[in-house]
Structure formats: C-alpha cells, structure tokens
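Residues per chain, in single letters:
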Amino acid sequence: MAIQRRAIIARAAAACAVATLRPWQAASAQQAWPSRTIRFVNMGPPGTAPDTYNRIYAERLSRALNVPVIIENRPGVAGNIASDYVAKAPADGYTLLYTVSSSFTVNPWLYSKLKFDPEKELRPVSPLLSQGAFLVANNDMPFKTVKELVDYATAHPDKLAYGTNGVGSFLHLIMELFNQSAKVQMLHVPYKGPPLIDVVSGQIPLCVEPAASAIPMINAGKVRAIAYSGSHRHAQLPHVPTISETYPAVAVVGWHGIWAPTGVPSDVVQKLNAALTRITQTPDVQKQIAETGSEPMSASIDAMSTLLSQEKRTWGDLVKARKITID
C-alpha cells in the first residue's frame, strides 16, 4: 500500500509539474519573433529615394507582423556606414538594413578598407524594386541615337563630356561599361549632386540620370533621351530604345533590398522574405513603385544571393579593367 501511495503521489507531482510548465511555455511562445519593434537602418538621408521607399515597406510590414517598424537613417560613404552598423548589430531579426545593391556588388571593389565583410557579416533577405537610368543629352547636341552618339564620341576622343553623381557611383559605372562596350572614351565630369540641370542649360552635353528624375524632364522636352540602361524598354517611355539593343552587355539596373546580420535564424529570414514579397505584390505598392519610374522586384533568398554574386563579378571585372578607384 505504501508503494502504491508513493506511485500515486509521484504521478500527481508530475502532473502538477506539467501544469506549471504550460503557462511558461505559452509565455515563451508569445516571445517568438517578432515580439517587439523592428528597426530598418537606411543608407539614405530622409527624403531620398531609399528613405521614401523604405517608409512604404515599413508601414505595411508593421501591419503584417503586428509590431512597430521604425526607420533609422545612417547615410554616408555610399551605404557603408549603414551596412557596417547592421553587420555589427545583434543577430536577432530586429535590426535590418535597407540599402542599394551596389553596397554589395560595387563597394567591395572600390573601397579597400571596409570595416566589415559584406558577404560574411550580412545575409540577403529580399529584393524590393529596381530602376535603370536614361542617357540624356542637351537638345542642341547633334546626336539623337546611340549609334550617332558613338560616332560623335569616336570623332572627338576624350572631348565629349558626361556628368554623373560621382566617381564610382552606379551611374558612373553604367557609362564606363558603355565606353568599354562601344570602344569609345568620353570625359567623365563627377558632380556632388545630380548633373541634369547643367545638361538642360547646356553647360555639359550629356549625363546618365535615374529614371525617376529623368522621365519628367524628358517628357517636358527639356532634354533628349538617347537610350535606357535596362534590359527592356521602360514602360513609361517605350519609344526610347535600350542601350543593350546596340550593345547587349550594357543591360543593367540598380536595385533596392533588405539585408540582415548573418546570424539571424533562417526561419526569421524566410518569414521576412515572405512578408516583404507579399507587400511588393500588392497592387497599391506596385502602383507607387511604378509611378516613380521603378519596377517591383521579388525573389527567393537563394535567387537574391545568386544575383548578387553575378553582379559582383560583372562590376569587379569592370572596376579592374577601367582602373576605377576611390581610396
């Protein structure tokens, strides 16, 4: 009888232990990701394109995950400041990086002393949107097509000037790729800001300008569109040919995306990718992206990684061949 009583007491104690664990287990489940504020660290200052697009996604991601999502702007050094900050942040899924693809495909070739390793310390989460650039000229210039531009540049080596927003910028690399493919050499004039206004006034004959800012000026007749950098014609200006129709190697766009510290668990990254993809595919977000001259972009994590590797090789080969340096 004593043995039976001890057995009954042991079973009762075990049952009590299970009962007392259940509230703790429920509380633990409630702390599963996400359970608190998510922070996007943005590579651009407030009001720039990365910041504007990031706010579109932050608002909708907050609703989708039912937690606050805030933006912290850390601009500077072509996205390196923001990237370095997130690379060293806790790998818990609550600090994410919003930046442009060139932070991973171009910067490692241009900056010899990065304080972080983009491939080892940051992992892809999701691409969001892409945007190419238009090659535009002052209306008084004698060329109207890519062929005429190349003929003119060939006849005036190192004389035909083009402006970009800086040495090593994505726009500069587009033109270097164009020069390499067309076997011409134009004179690069780096600006601290957009050179488009100087093209309108005739102070510089040519520039390459992001679609968002180029399209209004083209439609207003302020500048002449020569070609578009993307792999297909832009939906808003289908009459403007692509550069790749003449030089197939020059089919490039820049794109925006989200990255996380490498140690963030894969299930969290997958949840983020799925949520961001659903947001991108909603009609209102696609409309907002299209209105700014960009195109919605979605991909799996593996596909994003493959794209990054391919583009890094392309730009690395170009940077080395053209001897482009910043530091």
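Rules behind the numbers
- Residues numbered from 1 in each chain as written.
- Predicted model: local features only at pLDDT ≥ 70, side-chain atom pairs only at ≥ 80, totals over all residues.
- Heavy atoms only, no water.
- Pairing = 2+ DSSP bridges.
- Helix = DSSP H or I, 4+ residues; strand = E, 2+ residues; numbered from the N terminus.
- Axes fitted to C-alpha atoms, helices over the stretch in contact; angles between N-to-C directions.
- Contact = heavy atoms within 4.5 Å.
- Salt bridge = Lys/Arg side-chain N within 4 Å of Asp/Glu carboxyl O.
- Phe/Tyr/Trp six-rings, centres within 6.5 Å; stacked < 30°, edge-to-face > 60°.
- Buried < 20%, exposed > 50% of the residue type's maximum accessible area, 1.4 Å probe, protein only.
- Lys NZ or Arg CZ within 6 Å of the ring centre and 35° of its normal.
- pLDDT = per-residue confidence, 0-100.
- Parallel < 35°, antiparallel > 145°, perpendicular 65-115°, else oblique.

Some points on the sheet that holds strand 9 (residues 224–228)
Inference 1: Taken in spatial order, the five strands of this open sheet run 7-6-8-5-9, and their pairing is mixed. Edge positions in the sheet fall to strand 7 (187–190) and strand 9, since each has one partner strand and no second. Taking each pair of neighbouring strands and ignoring which way they run, the sheet shows an average axis angle of 30°.
Inference 2: Running at roughly 150° to strand 6 (residues 161–164), helix 8 (residues 170–182) makes contact with strand 5 (133–137), strand 6, strand 7 and strand 8 (206–210) of the sheet.

A few points about the pattern of salt bridges
Inference 1: Summed over the entire model, instances satisfying the criterion amount to 13 salt bridges.
Inference 2: In this structure, the salt-bridge partner of Glu245 is Arg233, at a minimum N-O distance of 2.8 Å. Here the residue Glu245 occupies a position in the loop between strand 9 and strand 10 (254–261), and Arg233 occupies one in the loop between strand 9 and strand 10, the gap between them amounting to 12 residues.
Inference 3: Taken together, the salt bridges that share partners define one network made up of Glu59, Arg60, Arg63 and Asp284.

Considerations on the packing of aromatic side chains
The way to describe two aromatic rings as a pair is by their centre distance and the angle between their planes.
Inference 1: Enumeration according to the criterion identifies seven aromatic pairs in this entry.
Inference 2: Geometrically, the ring pair formed by Phe134 and Tyr228 is tilted, given 4.7 Å between the ring centres and 40° between the ring planes. With Phe134 in strand 5 and Tyr228 in strand 9, this residue pair connects regions lying 94 residues apart in the sequence. The pair Phe134 / Tyr228 is uniform in exposure class, with both members buried.
Inference 3: In this structure an aromatic cluster arises from ring pairing among Phe104, Trp255 and Trp259.
Inference 4: Geometry around Tyr94 places Arg36 over its ring, the cationic atom sitting 3.9 Å from the centre.
Inference 5: The ring of Tyr85 carries Arg74 above its face, with NZ or CZ at 3.7 Å from the centroid.

As for unusual backbone geometry
Inference 1: Residue Pro34 is reached from Trp33 by a cis peptide bond, and omega for that bond is -5°.
Inference 2: Relative to the elements of secondary structure, Pro34 occurs in the loop between helix 1 (2–30) and strand 1 (38–42).
Inference 3: The backbone of Ala78 shows a phi angle near 55°, a positive value even though the residue is not glycine.
Inference 4: If you trace the backbone, Ala78 turns up in the loop between strand 2 (69–73) and helix 3 (80–87).
Inference 5: Even without being glycine, Lys183 reaches a positive phi, approximately 60°.
Inference 6: Structurally, the position occupied by Lys183 is in the loop between helix 8 and strand 7.
Inference 7: For Lys183, a relative accessible area of 73% puts it in the exposed group.

Some thoughts on the confidence of the model for the protein
Inference 1: Per-residue confidence for the protein gives a mean pLDDT of 91; residues scoring 70 or more make up 91%.
Inference 2: Here residues 1–10 is modelled with pLDDT under 50, and outside its nearest four sequence neighbours on either side it reaches zero contacts, counting other chains as well.
Inference 3: Predicted confidence for residues 12–30 stays below pLDDT 50, and this span has one contact to residues more than four positions away or in other chains.

Quick notes on the environment of Thr95
Inference 1: One can find Thr95 in strand 3 (residues 95–100).
Inference 2: Separated by 26 residues in sequence, Thr95 and Val69 place their C-alpha atoms 10.0 Å apart.
Inference 3: Excluding anything up to four places from it in sequence, Thr95 contacts Arg39, Val41, Val86, Ala89 and Pro261.

Remarks on the packing of helix 2 (residues 49–65) against helix 12 (residues 283–291)
Inference 1: Between helix 2 and helix 12, whose axes approach to 11 Å, the crossing angle comes to 175°. It follows from the interaxial angle that helix 2 and helix 12 lie roughly antiparallel. Contacts between helix 2 and helix 12 involve Tyr53, Ile56, Tyr57 and Arg60 from the first element and Asp284, Val285, Gln288 and Ile289 from the second.

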